Amino acid sequence: MHSNGHEHVIEVTDLRRVYGGGFEAVRGIGFSVRRGEVFALLGTNGAGKTSTVELLEGLAAPAGGRVRVLGHDPYTERAAVRPRTGVMLQEGGFPSELTVAETARMWAGCVSGARPPAEVLGLVGLESKTDTRVKQLSGGQRRRLDLALALLGDPEVLFLDEPSTGLDAEGRRDTWELVSALRDRGTTVLLTTHYLEEAEHLADRLAIMHEGRIAATGTPAEVTAAQPSRISFELPAGYFVGDLPPLGELGVSDHEVDGRMIKLRTRELQRAATGLLVWAGQTGVELRRLDVRSASLEEAFLSIAKEVSARTADGTTKTEKDTEQDTGKNTEKEHAA
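Rules of the game
- Residues numbered from 1 in each chain as written.
- Predicted model: local features only at pLDDT ≥ 70, side-chain atom pairs only at ≥ 80, totals over all residues.
- Heavy atoms only, no water.
- Phe/Tyr/Trp six-rings, centres within 6.5 Å; stacked < 30°, edge-to-face > 60°.
- Buried < 20%, exposed > 50% of the residue type's maximum accessible area, 1.4 Å probe, protein only.
- Lys NZ or Arg CZ within 6 Å of the ring centre and 35° of its normal.
- Core = buried A, V, L, I, M, F, W, Y, C linked by side-chain atoms within 4.5 Å.
- Helix = DSSP H or I, 4+ residues; strand = E, 2+ residues; numbered from the N terminus.
- Contact = heavy atoms within 4.5 Å.
- Polar contact = N/O pair within 3.5 Å; in protein donor to acceptor, adjacent residues only side chain to side chain.
- Pairing = 2+ DSSP bridges.
- Axes fitted to C-alpha atoms, helices over the stretch in contact; angles between N-to-C directions.
- Expected span 1.5 Å × (residues − 1).
- Salt bridge = Lys/Arg side-chain N within 4 Å of Asp/Glu carboxyl O.

Residue-level account of the packing of aromatic side chains, with values.
Going through the model one piece at a time under the given rule, you end up with three aromatic pairs. Between Tyr19 and Phe23 the ring centres are 6.5 Å apart and the planes differ by 25 degrees, which places this aromatic pair in the stacked class. Of the residues examined, Tyr19 reaches a relative accessible area of 25% and is grouped as partly exposed. Judged by centre distance (5.0 Å) and plane angle (10 degrees), the rings of Phe31 and Phe39 are stacked. According to the relative accessible area criterion, Phe31 is buried, its value standing at 9%. Here the basic side chain of Arg172 rests over the ring of Tyr195, its NZ or CZ set 4.1 Å away from the ring centre. For the cation-ring pair, Arg260 lies above Phe240, with the distance from its terminal atom to the ring centre recorded as 5.5 Å.

Have a look at this one:
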């Protein structure tokens, strides 16, 4: 590994990207990534994640602002940056008739100081597919090959654009373990993902993008801590919200009623849950379908997307259902971004 005096190996300041026709995909964002850190960019389709990563990779010049990777401008000083970075695109364009081993050898010929192809194919679990033609690989196996080629140059900085798309649960876990191992070796990883569980599992810090801007940033715990926890349960017939202890005294900030189902929101989960269960025990009430949970990254993501959409200039608001369809449950590729 090369060394560099900068603690931050990626520095982004007031970054903008504008496409033909004036569409502003990235609207003045800023963040930094420290050496040996996994940083995740999250966002709905079209949020600007891929547009941002392409600027970091030096594939285009920004319309405004500044990018530094390993202390260099990745676009104007590409020769100083590219040999020290690895890139896994959303889709690799490999010749379909080549075998896996031939593809890796061909790629290694284009990389400075390449690791042995067999070594990286082993890292991603493709050692048994070396003689298989690329066109015969499954979608998940192609993603593994994408990752192997990104690792050939033993990069200091690794860009992963939707690394788990197309992988089954086992493949996703294998990829997570590999990314964690790379981080432990000192590799800096910037990844985009639709999978909120992936970001929660891997990221030291993350940023949530929405409509070209960063809506929230911090550690996964910091981002989720901004959201209330919730308690939901079913009250038996004959009981109503008014029969519960005063919700303010329980530390409950908000509540919803849907038939017999009650949903409470609180930033003091232990206090609220204790007060509720003590009341139920004293009154002999059974709280059916009781569910007590801290806020998740998914809830924070949905809430942030909903809040930002509600503030759009034309006053239109996405429904929560619309927003959910755009989140980690949706693995469609970004188009506008």
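An account of the nonpolar core is requested, with residue identities and associated values reported.
Core analysis: the largest hydrophobic core is formed by 41 residues, its most contacted members being Leu42, Leu145, Leu160 and Leu206. Per-element accounting of this core gives the leading share, six residues, to helix H5 (residues 139-151). Setting aside chain neighbours within four positions, we find Leu42 in contact with Lys49, Thr193, Leu196, Ala199, Leu206, Ala207, Ile208, Met209, Leu297 and Phe301. Among the nonpolar cores identified, the runner-up in size contains 26 residues, and Val26, Val33, Val67 and Met209 belong to it.

An account of the environment of Arg205 is needed here, citing residue identities and associated values.
Within the element layout of this structure, Arg205 appears in strand S8 (residues 205-210). For the pair Arg205 and Glu222, spaced 17 residues apart in sequence, the C-alpha to C-alpha distance is 9.1 Å. Setting aside chain neighbours within four positions, we find Arg205 in contact with Ser32, Val33, Arg34, Glu37, Val38, Phe39, Ala40, Gly218, Thr219 and Pro220. Reaching out from Arg205, the side chain makes a polar contact with the backbone oxygen of Ser32 at a distance of 2.5 Å.

Kindly report on the sheet that holds strand S2 (residues 24-34), identifying the contributing residues and their values.
With antiparallel pairing, the three strands of this open sheet are ordered in space as S2-S1-S4. The outermost strands of the open sheet, each flanked by one partner alone, are S2 and strand S4 (64-69). Ignoring which end each strand starts from, the neighbouring axes of this sheet average 15 degrees apart. Where strand S1 (residues 8-18) meets S2, eight bridges bridge the pair, whose relative direction is antiparallel. The residue bridging Arg17 from the neighbouring strand is Val26, located in S2.

Give a detailed account of helix H6 (residues 169-184), specifying residues and quantitative values.
Over its 16 residues, H6 runs 23 Å from end to end, which matches the ideal 22 Å to within 8%, given 1.5 Å per residue. Taken as a whole, H6 has its buried residues at Gly171, Arg172, Thr175, Trp176, Leu178, Val179, Ser180 and Leu182. Gly186 sits one or two residues past H6 and shows a positive phi near 105 degrees.

How would you sum up the pattern of salt bridges? Please name residues and give values.
Counted by the stated rule, this structure contains 24 salt bridges. One salt bridge connects Arg265 with Asp254, and the closest N-O pair in it is separated by 3.2 Å. Note that Arg265 is positioned in strand S12 (residues 261-266) and Asp254 in strand S11 (residues 252-258), a separation of 11 residues in sequence. Relative accessible area serves as the criterion here: at 21%, Arg265 is assigned to the partly exposed category. Within the structure, one salt-bridge network assembled from shared partners comprises Arg115, Glu119, Asp154 and Arg185.

Before we move on, can you summarise the pairing of S12 with the specific residues and values?
As judged from the six bridges shared by strand S10 (residues 229-234) and S12, these two strands associate in the antiparallel manner. Across the sheet, the residue bridging to Ser229 is Thr266, located in S12. Inspection of the sheet shows S11 paired to S12 by six bridges, in the antiparallel sense. Residue His255 lies in a different strand from S12, and its bridge partner there is Leu264. Here S11 folds back onto S12 in antiparallel fashion, the turn holding two residues, of which Gly259 has a positive phi close to 65 degrees.

Interpretation in functional terms is not warranted from these geometric data alone.
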